[in-house]
Amino acid sequence: MGGMATRDLDGNLSTQIDELAALVAAAETVAGFTGAGISTESGVPDFRSPDSPWMRNKPIPFDDFLASEAARREAWRRKFAMDDLYRGARPSRGHLALASLVARGKMPAVITQNIDGLHHESGIPAERVIELHGNGTYASCLSCDQRHELAAIRKRFETESNAPTCEACGGPVKSATVSFGQAMPEEAMRRAQDLARACDLFLVVGSSLVVYPAAALPVLAKQGGAALAIVNREPTPLDRIADLVIRADIGVVLESFIVRN
Ligand SMILES: [Zn+2]
């Protein structure tokens, strides 16, 4: 079982946390980069873990979503079931720590692989959250890009049981996430790359750094001369090029960065 040391950090871990604090203090610009691990404390399970609901169903590829009304209906049925499971999710200590770094002017933006919207909820302005895999807290029309709110879509879905279509243009409406087989959002990727090149500390929190092209960002940062710090429970393929690797509970490691008003 966990047995996470929250009060009595062992010497090694507290030394590592001090090293992280020193890296953050020395940096003028810190790029935050987050994956599923930052949201586990929030009650959002890592979608790759075997007990995750994401793993019980084969993902619906983007082409299938486009081609088939039945696939769209199934995607929306799953989406709403998932929303019910994670309705209570709140920002973790990791989210709050990054929000504090943004508020202090240390971190121009957080780049995230997550779709749970918890960085926004932690108080980071939307323009400072770079979402590589989109956002699951709203939907958009695949034809005209109009934003659609989930509550209204759900109401219609539950009464008509057809996959939602856009009232403006009739196009298919999809959760604003990037599906398997769907192109990465270009603008978000470009902004993430710019930040990786510009930062002097690239701070990875809760990502196993295996999903490309996102996992190439820390390498880009290193090539630009930045330090690389990785806080993750599991080893990552980039640990060997990192300046600091902390394999411990994210909340414990980042708690001291939280500035509470
Ligand atoms: Zn439309």
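No experiment lies behind these values; they were computed from the predicted model shown.

Colleague: How would you sum up the coordination of the zinc ion? Please name residues and give values.
Modeller: Within the protein, the zinc ion binds to Cys 141 (SG), Cys 144 (SG), Cys 166 (SG) and Cys 169 (SG); these donor distances fall in the range 2.3 to 2.4 Å. Of note, the donors binding the zinc ion are all from one chain and are spaced C-x2-C-x21-C-x2-C. Taken as a pair, Cys 141 in strand β4 (residues 134–141) and Cys 169 in the loop between α7 (150–160) and β6 (173–177) lie far apart in primary sequence, 28 residues in all. The exposure class of Cys 169 is partly exposed, given its relative accessible area of 40%.

Colleague: Which residues make up the pairing of strand β8 (residues 227–231), and what values go with them?
Modeller: Extensive coverage of β8 is indicated by the burial of 5 of its 5 residues. Side chains Ala 227, Ala 229 and Val 231 of β8 all project onto a buried face; the interleaved residues Leu 228 and Ile 230 project onto the opposite face, where all are buried too. The sheet contact formed by strand β7 (residues 201–205) and β8 spans 5 bridges and is parallel. Note that in β8 the partner of Val 204 across the bridge is Ile 230. On the question of chirality, the crossover connecting β7 to the parallel β8 by way of helix α9 (residues 217–223) is right-handed. Two elements, β8 and strand β9 (residues 244–246), share 3 bridges in a ladder whose sense is parallel. Looking at β9, one finds that Ala 229 is bridged to Leu 244.

Colleague: Could you give an account of unusual backbone geometry, naming the residues involved and the relevant values?
Modeller: Residue Pro 213 is reached from Tyr 212 by a cis peptide bond, and omega for that bond is 5°. Looking at where Pro 213 falls in the secondary structure, it is placed in the loop between β7 and α9. A positive phi angle, near 60°, is found at Ser 161, a position not held by glycine. As for its placement among the helices and strands, Ser 161 is situated in the loop between α7 and β6. The class for Ser 161 is partly exposed, based on a relative accessible area of 41%. The phi dihedral of Leu 209 falls on the positive side, at around 55°, and the residue is not glycine.

Colleague: Any chance you could break down the layout of surface pockets for me, citing the residues and the numbers?
Modeller: Space inside the second largest pocket adds up to approximately 480 Å³. Elements with a minimum of two residues in the lining of the second largest pocket: β3 (129–131), β4, β6 and α8 (186–198). When residues of the lining of the second largest pocket are assigned to their parent elements, the largest contribution, 5 residues, is made by β4. A breakdown of the residues in the lining of the second largest pocket according to their chemical character gives 12 nonpolar, 7 polar and 5 charged.

Colleague: Please provide a residue-by-residue account of the pattern of salt bridges, values included.
Modeller: In the structure shown here, the tally under the stated rule is 19 salt bridges. Of the charged contacts in the structure, one is a salt bridge between Asp 194 and Arg 190, with a shortest N-O distance of 3.0 Å. Of the two residues, Asp 194 and Arg 190 are both situated in helix α8; the distance of 4 residues between them amounts to about one turn of the helix. The partly exposed category is assigned to Arg 190, whose relative accessible area is 40%. Among the charged side chains, a salt-bridge network with shared partners connects Glu 41, Arg 93, Asp 249 and Glu 255.

Calculation notes
- Residues numbered from 1 in each chain as written.
- Predicted model: local features only at pLDDT ≥ 70, side-chain atom pairs only at ≥ 80, totals over all residues.
- Heavy atoms only, no water.
- Donors = N, O, S within 2.8 Å, 3.2 Å for Na, K, Ca; no water.
- Helix = DSSP H or I, 4+ residues; strand = E, 2+ residues; numbered from the N terminus.
- Buried < 20%, exposed > 50% of the residue type's maximum accessible area, 1.4 Å probe, protein only.
- Pairing = 2+ DSSP bridges.
- Right-handed = clockwise from strand over helix to strand, strands pointing away.
- 1 Å grid on protein atoms, 1.4 Å probe; cavity = no way out; pocket = protein on both sides within 12 Å on 5 of 7 lines; lining within 4 Å.
- Points joined across faces, edges and corners; volume = space filled by probe spheres on them.
- Nonpolar A, V, L, I, M, F, W, Y, C, P; charged D, E, K, R; others polar.
- Salt bridge = Lys/Arg side-chain N within 4 Å of Asp/Glu carboxyl O.

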